[in-house]
Amino acid sequence: QAQLVESGGGLVQAGGSLRLSCTASGFNFATYGMGWFRQAPGKEREFVASIYRSGILTYVSDSVKGRFTISRDNAKNTVYLQMNSLKPQDTAVYYCAANEFGNIQYLADKYNHWGQGTQVTVSS
């Protein structure tokens, strides 16, 4: 069955960096569009970034533009989220997700498979 496993979360000071990884199995990763979402306590799940199946196109939300970068390595079945200049408001559980359309999607209900999430905490 399809599985997504995130890693790389943790505690970091404001201004620091983290790189999240999400490794896929059980489906043809290279044909799926991938996305990252986050959810802070008491808030709705929020779109962060998405990448086309080939990696040629990416899209990030305005709240992280210029700080976060999404990329993928289809040979490793892995998608990454490089997070720089982190702020306390970036604190959340970060989820990766896969959409069978193979393209960029920013709506959560367009995604078919989800990881379990990884906690990112940014201290001030």
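For clarity, every value in this text was computed on a predicted model and none was experimentally measured.

Asks: What exactly am I supposed to notice about the packing of aromatic side chains here?
Replies: One pair of aromatic rings is described through two measures. These are the centre distance and the angle between the planes. Considering all chains together, one arrives at 7 aromatic pairs under this definition. Ring geometry for phenylalanine 37 against tryptophan 114: centres 5.0 Å apart, planes inclined by 55 degrees, an arrangement best described as tilted. Residue phenylalanine 37 is found in strand S4 (residues 33-39), and its partner tryptophan 114 is found in strand S10 (residues 113-114); the two are separated by 77 residues along the sequence. Their ring planes at 70 degrees and their centres at 6.4 Å tell us that phenylalanine 47 and tyrosine 106 sit as a pair that is edge-to-face. On the criterion of sequence distance, the pair formed by phenylalanine 47 in strand S5 (residues 46-51) and tyrosine 106 in the loop between strand S9 (92-99) and S10 is long-range, its members being 59 residues apart. In this structure phenylalanine 47 comes out as buried when scored by relative accessible area, which is 12%.

Asks: How do you make sense of the side chain of glutamine 105 when you look at a structure like this?
Replies: With respect to the helices, strands and loops of the structure, glutamine 105 is situated in the loop between S9 and S10. Among the residues examined, glutamine 105 registers a relative accessible area of 14% and is labelled buried. A distance of 2.8 Å separates a polar atom in the side chain of glutamine 105 from a polar atom in the side chain of asparagine 103. If we ignore the near neighbours within four places in the chain, the residues touching glutamine 105 are Phe47, Ser50, Asn99, Lys110 and Tyr111.

Reading the values: the criteria
Residues numbered from 1 in each chain as written. Predicted model: local features only at pLDDT ≥ 70, side-chain atom pairs only at ≥ 80, totals over all residues. Heavy atoms only, no water. Phe/Tyr/Trp six-rings, centres within 6.5 Å; stacked < 30°, edge-to-face > 60°. Helix = DSSP H or I, 4+ residues; strand = E, 2+ residues; numbered from the N terminus. Buried < 20%, exposed > 50% of the residue type's maximum accessible area, 1.4 Å probe, protein only. Polar contact = N/O pair within 3.5 Å; in protein donor to acceptor, adjacent residues only side chain to side chain. Contact = heavy atoms within 4.5 Å.

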